[in-house]
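Close look at the chain arrangement
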Amino acid sequence: MSVQQLNLPTEDDWVPSANDLPFHRLGGTEAAMALSEAFYDAMDAHEPELARLHELDAEGKVNRGTRERFGLFLAGWLGGPQDYTERHGHPRLRMRHGHLPVGVAMRDAWLRSMQRAMDARGIRGGLRRFLDQRFAQVADFLRNVEE
C-alpha cells in the first residue's frame, strides 16, 4: 500500500503540526546545529560583508560561539529544546540586531546564505517551503532601515 493510498501526507504536502514539528522533521538538535554550520559557511564563502558583522575567528570565519548560539536558537525556534533561552535569555531578535542597520540588501544576503545552507543540507519539499517562508518573514521583520 502506498503513502497516497493510506492518505498520509507526502514530503511535498508536509505542514507542521503538534505531532510533527519542524524540529523533528529537520532531524533534531544535531541537524539544527549542522544547518547553522552550513549557514555560516555559506555566509563566509559568499557574503563576506555580512560575515564581517559577526565575531570572527583567527582565520576570519564567523566564530564557533556565534555558530553554536544560532544552532541552539534554530533548535528552539523550530519547536525543539529551549536550550538557547535557558543559556542566553529570550532571543529578542529586534533588540539583539538593533545596533545594525538592517535593510533590504542585508536581509537578502542573509536569506541567500540560508538558502545555500538548506541546499547544502538537502532540505526539500514541505519542510523547505515552510522554512523558506518563515525565514523570509523573520528576516524582513528585522529590517530597521529603508533602502
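Our subject is the structure that appears above.
Residues numbered from 1 in each chain as written. Predicted model: local features only at pLDDT ≥ 70, side-chain atom pairs only at ≥ 80, totals over all residues. Heavy atoms only, no water.

1. A few points about the side chain of Arg-107
By the secondary structure assignment, Arg-107 is in helix α7 (residues 104–120). Judged by relative accessible area, which is 17%, Arg-107 ranks as buried. Beyond its immediate sequence surroundings of up to four residues, Arg-107 is in contact with Ala-139, Asp-140 and Arg-143. (Helix = DSSP H or I, 4+ residues; strand = E, 2+ residues; numbered from the N terminus. Buried < 20%, exposed > 50% of the residue type's maximum accessible area, 1.4 Å probe, protein only. Contact = heavy atoms within 4.5 Å.)

2. A look at the nonpolar core
Leu-26, Leu-35, Met-114 and Leu-131 are the most contacted members of the largest nonpolar core, which has 36 residues in total. For this core, the secondary-structure elements that each account for two or more residues are α1 (22–26), α2 (29–46), α3 (48–51), α4 (64–77), α7 and α8 (125–141). The greatest single-element share of this core, amounting to 7 residues, is contributed by α2. In this structure Leu-35 touches Leu-26, Leu-74, Met-114, Ala-117, Met-118, Arg-121 and Ile-123, once residues within four positions along its chain are discounted. (Core = buried A, V, L, I, M, F, W, Y, C linked by side-chain atoms within 4.5 Å.)

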